[in-house]
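In case you want the letters, here they are:
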Protein chains: 2
Amino acid sequence: MNHFSLPAAQQLILQHTARLDTEIIPLAHSLNRVLAKDILANRDHPPYDVSAMDGYAVRAKNLSTCPILLTVTEDIRAGALPVMTVSDGQCARIMTGAALPHGADTVIRAEDTETVSPDTVQINVGATLGTDIRKQGENLRTGTIVLQAGMTITPGVLGILAMVKCAQVPVYCQPRVAILSTGDELEGLDDPFDSNKIPDANSHTLFAQVSALGITPTLLGIAQDNPVALAHAIRRGLDYDVLLISGGTSVGVHDYVRPTLAELDIQMHFWRVAIRPGHPFAFGTSPKNQVFCLPGNPVSSMVCFEQFVAPALRQAMGQRRLFRRTLTARLSHAIGHRHQNVEFVRVQLAQDQQGYVATATDSQSSGVLLSMAHADGLLIVPADSNGLAAGEAVTVQCLYDMDYQNTPFGALI
Amino acid sequence: MNHFSLPAAQQLILQHTARLDTEIIPLAHSLNRVLAKDILANRDHPPYDVSAMDGYAVRAKNLSTCPILLTVTEDIRAGALPVMTVSDGQCARIMTGAALPHGADTVIRAEDTETVSPDTVQINVGATLGTDIRKQGENLRTGTIVLQAGMTITPGVLGILAMVKCAQVPVYCQPRVAILSTGDELEGLDDPFDSNKIPDANSHTLFAQVSALGITPTLLGIAQDNPVALAHAIRRGLDYDVLLISGGTSVGVHDYVRPTLAELDIQMHFWRVAIRPGHPFAFGTSPKNQVFCLPGNPVSSMVCFEQFVAPALRQAMGQRRLFRRTLTARLSHAIGHRHQNVEFVRVQLAQDQQGYVATATDSQSSGVLLSMAHADGLLIVPADSNGLAAGEAVTVQCLYDMDYQNTPFGALI
């Protein structure tokens, strides 16, 4: 059977992942979505030259000798427009964000002044022309593109959208995702307790992993291992853009996933990938669907989701950074490596003066989900490695990071 | 006026931040919340010794010479219990996750075998005793604590909760947060366009920053700069656990925020912090409330939120890692530094073979929110720095990272 390499499998999946259509949603729901159109400024911001500080609007050339007394012409508060012109020997009391009056060219901060009387102030320190003034249009200029299609809507971007009064935001749609577990041995969350059964964790870890991308998936429950039940459940799953089948990659005689997918015209591109944990991972497509078959082992399932499914879901949503961020850490102990697979070792990260230190979690068995619960990241062991030494610089993929990067592991593999 | 240092201000805020009560919520809503109780395993997992692979359950001592022919006694699928005992010269066909039959002690993978007839298989490769068996209770053991109170519910933790059938999860409550903008110069998102006004960005950036922590805040809109309107709006805000007031830190004569807070028995702990951007930042408390006054400049507001408000909200929710993660990067250009403040420089991060490279965004004016929209992180310049050189190793706080750390900046400041 053909074992795809990790990069080949990732590339093939992304080649079969189209960006979705666009939709218009309220600003308050747009965090972490991807802008589908360029956004133009509809105003100058600031709308005029404004003070950057609370203080006094002055003419810089009046302050060649300080301290000096100036006559206060008016109080200008933010939101009100100035009435008077500042002439030599005069100044205006001004608030942060308030419009600079005619004649003034510089702002002196309140802490560099002393009030002498209600209409006289002593300026203690001069300033160069233009100090503490924010120029009209410095932030936004009418008609210019301020945000580009393809940008992720971070809090800063969301603030800009508010500034240009974009209350309804054009974004790429999110894929509709369904999750199906398979296996007679599985007990669902709401099923009665049976000590001989295995509780279904994968539906829920996959639910959480999809949710972490901002998508609310649909749980289709557990399909029994018979062709009729399975075909029925998979058909329901094909109503969604993306179907995740947990435990559907077995090669055993009791596996009905493959024939059922073939019958439903899903073209399977590969069934195995040369990674550990996780190698029994499969990917198929139809004109309307993507189907990912994830390993039944919960850790393998989680690792495969991060390497293959998450990048595809992110690409479909219009994201440009598809892969979880990696960082460099020092390894606190040696790690052996024999097989010709890329290996993902669950690690905890600590920090010392020299940077990050990675330590493998207790168990690395793919059945032990607790090791994933305790992990901060996945240490990546390249396929051709002969093992890693204590103290060696290693690449760790961060598991709980909202930031993504363009390439999966830099130049590592 | 007393300028608090950054660490002193952070410490004082956290001293005045109590962890909230606990509540019970459905598993599907529990992602990123914090467990409020230890969770015990209610079953062994696996419930018995199971096969880790699809293959054949054998007696290891039968395989001293390979290839060897064995008689297949039965097919054991996951979820069904074995009927036969495996004796010498026999084996059982077994699926991943299926129970190991009596007599068998080792599993041989399907790929190391050849089917000779329906009831005969040729084993090509031997294996040491116990290979590819997952032991009963290896993952979870009945009655033992599997998850500790205080753990953040990541996808892996959520999977464990599903395994122990914890459909209703005890977690710490989330603070109820209200956001109030102040200033006559501000125009709300739904107000008519007025070219002389400043659009209110801060309500929305704060909304997004709070949302990014998993909390849905309430927007109270814009309070006008007069004592009656302001007192009314702040009183509404004090119905919430946490009130964020944007633009309430000015020292100008038109500032009614201070007297209003005093009148409403909010004890203010400080009004300024020695950081740039962001130094006009204030913090107050009453027995029921926390009040944060954030600078009106949108970048300053965002920076103060990340340093002061987010750690407090996270502590209230029971999180133990309070501060955004930092990483070490090389600086691509020199950065000057004179004033005695900790400075936050907005930077973009790139990666090359040596690690991360940080480059300041175009404008560093605190009025230019676009610079925040384009930033990946905040480079931290210590207060006593005389400037940073190109190529120097610097600490960058990641802005879009779901992972947090115990200390704000390691030993840096």
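## With respect to unusual backbone geometry
- A cis geometry characterises the amide bond from B:Cys66 onward to B:Pro67, with omega recorded as 0 degrees.
- Of note, the bond from B:Arg276 into B:Pro277 is cis; its omega dihedral lies within 30 degrees of zero at -15 degrees.
- Looking at where B:Pro277 falls in the secondary structure, it is placed in the loop between strand E21 (275–276) and strand E22 (282–285).
- One non-glycine residue, A:Asp132, lies in positive phi territory at about 60 degrees.
- Note on placement: A:Asp132 falls in the loop between strand E10 (120–123) and strand E11 (133–134).

## Structural notes on the interface of chain A and chain B
- With 93 residues of chain A at the contact, the number on the chain B side is 93 residues.
- Carbon and sulfur atoms make up 60% of the surface buried where chain A meets chain B, a total of about 7,800 Å² over both sides.
- Our enumeration of links across chain A and chain B arrives at 10 salt bridges.
- A salt bridge links A:Glu187 to B:Lys165; its shortest N-O distance comes to 2.7 Å.

## A look at the domain arrangement of chain A
- Per the domain assignment, the segments making up chain A are domain 1 (3–20 + 174–316), domain 2 (26–43 + 145–172), domain 3 (50–134) and domain 4 (324–405).
- Relative to domain 2 of chain A, the C-alpha centre of domain 1 of chain A lies at a distance of 33 Å.

## Structural notes on the packing of helix H2 (residues 155–163) of chain A against helix H3 (residues 202–212) of chain B
- Between H2(A) and H3(B), whose axes approach to 8 Å, the crossing angle comes to 150 degrees. Between H2(A) and H3(B), the angle falls in the class roughly antiparallel. The element H2(A) and its partner H3(B) pack so that their crossing is right-handed. Here A:Pro155, A:Leu158, A:Gly159 and A:Ala162 of H2(A) come into contact with H3(B), specifically with B:His204, B:Thr205, B:Ala208 and B:Gln209.
- Looking at the contact of H2(A) with H3(B) residue by residue, the classes come out as four nonpolar, four polar and no charged.

What counts and how
Residues numbered from 1 in each chain as written. Chains lettered and ligands numbered in written order. Predicted model: local features only at pLDDT ≥ 70, side-chain atom pairs only at ≥ 80, totals over all residues. Heavy atoms only, no water. Helix = DSSP H or I, 4+ residues; strand = E, 2+ residues; numbered from the N terminus. Contact = heavy atoms within 4.5 Å. Buried area = accessible area lost by both parts, 1.4 Å probe. Salt bridge = Lys/Arg side-chain N within 4 Å of Asp/Glu carboxyl O. Domains from an automatic or database assignment. Axes fitted to C-alpha atoms, helices over the stretch in contact; angles between N-to-C directions. Parallel < 35°, antiparallel > 145°, perpendicular 65-115°, else oblique. Left-handed = near helix turned anticlockwise from the far one by under 90°. Nonpolar A, V, L, I, M, F, W, Y, C, P; charged D, E, K, R; others polar.

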